[in-house]
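Single-letter residue listing:
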Amino acid sequence: MDKLVNSAASFIKKMGNGVVLTGSGISSESGIATYRDKGGLWDKYKEGSTGGILTVLANYPDDAPDILSGFFESLYHGKPNPGHVGIAELEKEGFINSVITQNIDGLHYDAGSSNIYELHGNIFRLKCMNCSKKTSLSKQQFYKMGNKIVDHLTKYSFESIFDVLPKCSCKGVMRPDFVSFGEPVPDILEAVKEAKSCKFMMIVGTSGVVYPAASLPQHAKSGGAYIIEINMEESALTKQADIFIQGKAGEVIPKLIEKVREKSI
Ligand code: APR
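All chains use their own residue numbering, which begins from 1 and follows the written sequence. With the structure being a predicted model, the display of local features is reserved for residues of pLDDT at least 70 and the display and counting of side-chain atom pairs for 80 or more, all residues being used for whole-chain, interface and lining totals. For the side-chain quantities, the full set of heavy atoms in the structure was used; hydrogens and water were omitted.

1. Observations concerning helix 3 (residues 48-59)
Right, on to step 1. Helix and strand definitions here come from DSSP, where helices need a minimum of 4 consecutive H or I residues and strands a minimum of 2 consecutive E residues; each element is numbered from the N-terminal end. An expected span of 1.5 Å times one less than the residue number is assigned to each helix. The end-to-end C-alpha distance of helix 3, which contains twelve residues, comes to just 10 Å, noticeably less than the 16 Å that a straight helix rising 1.5 Å per residue would cover.
Right, on to step 2. Listing the buried residues of helix 3 in full gives Gly48, Gly51, Gly52, Ile53, Val56 and Leu57.
Right, on to step 3. Tucked inside the fold, the buried residues of helix 3 contact helix 2 (41-44), helix 4 (64-77) and strand 6 (174-178). Relative accessibility decides the category of a residue: with a 1.4 Å probe and only protein chains considered, values under 20% of the type maximum give buried, values over 50% give exposed, and everything between is partly exposed. Throughout, a residue-residue contact means that at least one pair of heavy atoms, one from each residue, lies within 4.5 Å.

If you want it as structure tokens, here you go:
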């Protein structure tokens, strides 16, 4: 692995102008389950892989309290790990321009990254289903709302969830601002522009099966970018990678930063 890390670091140091594309794998070492891995959310509830959490909850209303309490707990307690922190350092030291993430856990912000495109939204933000107004939640407010929802669902049907969701000033129902399958993906046009203009794209912890996010490495390649992938195993994107580094993001990324800094001396 060290030889691969070394080559990737040389490229990053030489070229800069990178973009990082992340998936749930980068947050798995923060205690947040991935989706399609063994034991992941969609491993247990197969419909989720194409329909997302709302489909799973509608299909398994009796499991909704368990699914949601696990979901809310891990998102509330999740902290940035060395993978998130390393990516923030790469941005601060000028080697990458932006992070494009499929994750809704806000951990790139918490780690100190600033130029972030959240393609699938952010769970700590609410969006009104009537007027689309958005409101950010603190982790405490999010956790309190989550407990209220879980408590309600242990007593009442899943359909009545709208009774306990927060209300907007326009009286509309506000729901967590994540992008459900089939909904438009915010920031995708800017993300494609970033991908097309970068010199390298580092793909971290995604199975690469959900579009339009999974099309971004192709856009990067079409712009002549060098593709580095870090994953525990090969993904649907590995064949596009110039370098595939097999390992945990939280272990590989700190090694990569160390090598980039060594080459800066
Ligand atoms: N380090 C690096 N890679 C990891 C780690 C780790 N510690 N742990 C898991 N992985 C890899 C897995 O090998 C897998 O390739 O992360 C990937 C996780 O894949 P998925 O569970 O499919 O998650 P993701 O690619 O982010 O899913 C994309 O699907 O359901 C939708 O909206 C949801 O944003 C999500 C999208």
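2. Considering the packing of helix 3 against helix 4
For any two helices packed against each other, the geometry comes down to the angle between their axes and how far apart the axes lie.
Right, on to step 1. Running from N to C, helix 3 and helix 4 cross one another at 145°; their axes reach a closest spacing of 9 Å. Side by side, helix 3 and helix 4 meet where Ile53, Val56 and Leu57 of the first sit next to Ala64, Ile67 and Leu68 of the second.
Right, on to step 2. Partitioned by chemical class, the residues of the contact of helix 3 with helix 4 number six nonpolar, no polar and no charged. Only the stretch in contact is used when a helix axis is fitted, and all axes are lines through C-alpha atoms; the angle between N-to-C directions ranges over 0 to 180 degrees. Amino acids are sorted into nonpolar (Ala, Val, Leu, Ile, Met, Phe, Trp, Tyr, Cys and Pro), charged (Asp, Glu, Lys and Arg) and polar (every other residue, Gly among them).

3. What to know about the side chain of threonine 238
Right, on to step 1. Inspection of the secondary structure assignment puts threonine 238 in the loop between strand 8 (226-231) and strand 9 (243-246).
Right, on to step 2. Under this definition, polar contacts are N or O atom pairs within 3.5 Å; protein pairs additionally need one hydrogen-donor-capable and one acceptor-capable atom, and for neighbouring residues in sequence, both atoms have to be side-chain atoms. A distance of 2.7 Å separates a polar atom in the side chain of threonine 238 from the backbone nitrogen of serine 235.
Right, on to step 3. Apart from the residues lying within four places of it in its own chain, the contact partners of threonine 238 are Glu229 and Phe244.

4. What to know about the sheet that holds strand 6
Right, on to step 1. Taken in spatial order, the three strands make up an open sheet running 5-4-6, and their pairing is antiparallel. Taken across any chain shown, the strands that pair with only one partner, and hence form the sheet edges, are strand 5 (134-136) and strand 6. Direction aside, the axes of adjacent strands within the sheet are offset by 40° on average.
Right, on to step 2. Whether two strands pair comes down to DSSP finding at least two bridges between them. With five bridges connecting them, strand 4 (residues 121-128) and strand 6 associate as antiparallel partners. By the bridge assignment, lysine 127 is partnered in strand 6 with arginine 175.

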